[in-house]
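As a plain string of letters, each chain reads:
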Amino acid sequence: MNDFCIVGAGISGSTIANLLKNKYTIQVIDKAKGVGGRASNRRYNKSLSFDHGLQFISPKKKEFQKFISELEIKKILKKWQGLHLDLLSSKENLKSKYIGKNGNNDISKYLLKKTKIFLSSEVVDISNNLGYWTILLSNNNKIFSKNLILTCPFPQVKFLAKKYLTKKVNNLNVKMQPNITVMCAFNNSKKINISSIKFKDNIISWASNENSKKRFNSTLNLWTIQCNLNWSKKNINLYKGQRKTLIKKVIKRFFTLTGLNDSKIIYSKIHGWKYAYNFKHTSVKSYWSKKNRLGVCGDWFLGPKVENSWSSATDLFHKI
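Residues numbered from 1 in each chain as written. Predicted model: local features only at pLDDT ≥ 70, side-chain atom pairs only at ≥ 80, totals over all residues. Heavy atoms only, no water.

A closer look at the state of the cysteines
For the structure shown, the criterion picks out 0 disulfides. Cysteine 152 provides the cysteine sulfur closest to cysteine 5, a residue in no disulfide bond, and the two sulfurs are 11 Å apart. Residue classification places cysteine 5 among the buried positions, given a relative accessible area of 0%. As a non-bridged cysteine, cysteine 227 has cysteine 184 as the owner of its nearest cysteine sulfur, 11 Å distant. (Disulfide = S-S within 2.5 Å. Buried < 20%, exposed > 50% of the residue type's maximum accessible area, 1.4 Å probe, protein only.)

This is the structure we're talking about:
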């Protein structure tokens, strides 16, 4: 039996696992096929890929800047150079942007090095009996642990652990917002010298030129297109049954906005994040119950940024 079982291999889960592993035995579980959570990287082939969740990191606080700088020195992260346009303000966005050397899931891969990880393992129930946790997976396998940490979105935390949480935590004012992302690769004769564009539009909010990240060389142009909040809300529960229609609509809009109308699509995919982020911070940074030996951390405690994920996880570590 391990000291800690951590549900979620995103930034929060990998951060708390990395902080605890020197003193305790750790096991990490995630329902996805790979680590990273919303910092996942989607492969088109062996060399080409899309950051279809987290796009970049721009540190604000000194502690997080130090953490990011250390990862840059170790060549886990690098600065994303180039022209970043913000059409909402009609000027270039000059804020420093950090990305993974090979993909934005590089952070979790690094932090979870030499950690026991079970992927494609969805947790469907948890119970605390006789001083230890029983974690039931969707394949009916069970995992036993002395302590349990949940790093999943707030609605999933409440579904699994409502009876073990305090009234204050259960009643936190958290409104998880969705995001729909379209990934496409196309041939185009024009050289595109823009790294990212923030749009003022009723469908698309942001687009990233994956070629500008200099992870690969290709004659194809790869773009990750993120839809705005209202459009994502309207389609998040429908997109799986209307993939082709919605992909076509988003890409057509992207071409109209950028003038790349003569492009030939080679590859396209759509992904929906139902619980992508929470805009507002709550009254607490993380949760730890010494009695139940249950911890909860995640970006949604503090805001929508990856820095919030890291801050919540480090706060929980100090409580433990």
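Remarks on the packing of aromatic side chains
Here the structure, examined in full by the defined rule, presents 18 aromatic pairs. Among the aromatic residues, those joined into a cluster by ring pairs are Phe186, Trp223, Phe254 and Phe255. Lying over the aromatic face of phenylalanine 56, lysine 97 brings its terminal NZ or CZ to 5.0 Å of the ring centre. (Phe/Tyr/Trp six-rings, centres within 6.5 Å; stacked < 30°, edge-to-face > 60°. Lys NZ or Arg CZ within 6 Å of the ring centre and 35° of its normal.)

Concerning the pattern of salt bridges
Inspection of the entire model under this criterion finds 7 salt bridges. Here lysine 213 and aspartate 51 are joined by a salt bridge, their closest N and O atoms 2.9 Å apart. Of this pair, lysine 213 sits in the loop between strand S15 (204–209) and strand S16 (221–227) while aspartate 51 is found in strand S4 (residues 49–51), placing the two residues 162 residues apart along the sequence. Here the two residues lysine 213 and aspartate 51 agree in accessibility, since each one is buried. Sharing partners across several salt bridges, the network here consists of Asp51, Glu210, Lys213 and Arg215. (Salt bridge = Lys/Arg side-chain N within 4 Å of Asp/Glu carboxyl O. Helix = DSSP H or I, 4+ residues; strand = E, 2+ residues; numbered from the N terminus.)

Observations regarding helix H8 (residues 306–319)
Taking 1.5 Å of rise per residue, the 14 residues of H8 would be expected to cover 20 Å, and the 20 Å separating its terminal C-alpha atoms lies within 8% of that figure. The complete set of buried residues in H8 reads Val306, Glu307, Asn308, Ser309, Trp310, Ser311, Ser312, Ala313, Thr314, Asp315 and Leu316. Summarising the contacts, the buried residues of H8 are in contact with helix H1 (11–20), helix H2 (62–73), strand S12 (142–150), strand S18 (287–289) and strand S19 (294–296). (Expected span 1.5 Å × (residues − 1). Contact = heavy atoms within 4.5 Å.)

A word on the environment of lysine 114
Tracing the backbone shows lysine 114 in the loop between helix H3 (106–111) and strand S9 (116–118). Taking the C-alpha atoms as reference, lysine 114 lies 34 Å from alanine 185; in sequence the two are 71 residues apart.

Overview of the side chain of serine 58
When you line up the elements, serine 58 lands in the loop between S4 and H2. When its relative accessible area of 19% is taken as the criterion, serine 58 is described as buried. Among the polar contacts listed, one links the side chain of serine 58 to the backbone oxygen of serine 96, at a separation of 2.6 Å. With residues near it in sequence (within four places) discarded, serine 58 still touches Lys95, Ser96, Lys97 and Glu307. (Polar contact = N/O pair within 3.5 Å; in protein donor to acceptor, adjacent residues only side chain to side chain.)

What to know about the environment of serine 218
With respect to the helices and strands, the residue serine 218 is situated in the loop between S15 and S16. In this structure the C-alpha to C-alpha distance between serine 218 and serine 47, which are 171 residues apart in sequence, comes to 9.1 Å. Look past the residues within four positions of serine 218 in its chain and what remains in contact with it is Leu48 and Asn211.

Notes on the nonpolar core
Membership of the largest hydrophobic core comes to 29 residues, with the highest contact counts inside it found for Ile126, Ile135, Leu148, Leu150, Leu294 and Trp300. Of all elements in the fold, only strand S1 (2–7), strand S10 (123–129), strand S11 (132–137), S12, helix H4 (154–161) and S19 reach the threshold of two or more residues within this core. For this core, the element with the highest residue contribution is H4, accounting for 4 residues. Apart from the residues within four sequence positions on either side, leucine 150 is in contact with Val7, Ile126, Val157, Leu160, Ala161, Leu294, Gly295, Val296 and Cys297. If you look at the next biggest cluster of nonpolar residues, it comprises 24 residues, including Val182, Ile197, Ile225 and Ile270. (Core = buried A, V, L, I, M, F, W, Y, C linked by side-chain atoms within 4.5 Å.)

Observations concerning H4
Of the positions making up H4, those classed as buried are Phe154, Val157, Leu160 and Ala161. Down the axis of H4, the buried set is contained in an arc of 130 degrees. They therefore lie on one face. Considering only its buried residues, H4 is in contact with S10, S12, helix H5 (167–170), strand S13 (176–187) and S19. (Arc of directions from axis to C-beta.)

Some words on the environment of lysine 234
Relative to the elements of secondary structure, lysine 234 occurs in helix H6 (residues 229–235). On a C-alpha basis, the gap between lysine 234 and proline 178 in space is 9.6 Å, while along the polypeptide they are 56 residues apart.

A closer look at the packing of H2 against H8
Helix-helix packing: each pair is described by the crossing angle between the helix axes and the interaxial distance. Look at H2 against H8: their axes get within 11 Å of each other, and the N-to-C directions meet at 100 degrees. It follows from the interaxial angle that H2 and H8 lie roughly perpendicular. In this structure, H2 contributes Glu63, Phe64 and Phe67 to the contact, and H8 contributes Val306, Glu307 and Trp310. Here the residues of the contact of H2 with H8 are counted per class, giving 4 nonpolar, no polar and 2 charged. (Axes fitted to C-alpha atoms, helices over the stretch in contact; angles between N-to-C directions. Parallel < 35°, antiparallel > 145°, perpendicular 65-115°, else oblique. Nonpolar A, V, L, I, M, F, W, Y, C, P; charged D, E, K, R; others polar.)

Regarding the pairing of S1
Looking along a regular strand, one sees side chains alternate from face to face of the sheet. Across the 6 residues of S1, 6 count as buried, placing the element largely inside the fold. Pairing of S1 with S12, which is carried by 5 bridges, proceeds in the parallel orientation. Directly across from phenylalanine 4, in S12, lies its bridge partner asparagine 147. In this structure, S1 lies alongside strand S2 (residues 26–29), joined through 4 bridges in parallel fashion. Within S2, the position partnered with valine 7 by the bridge is isoleucine 29. (Pairing = 2+ DSSP bridges.)

Remember that the coordinates give geometry; whether it matters functionally is a separate question.
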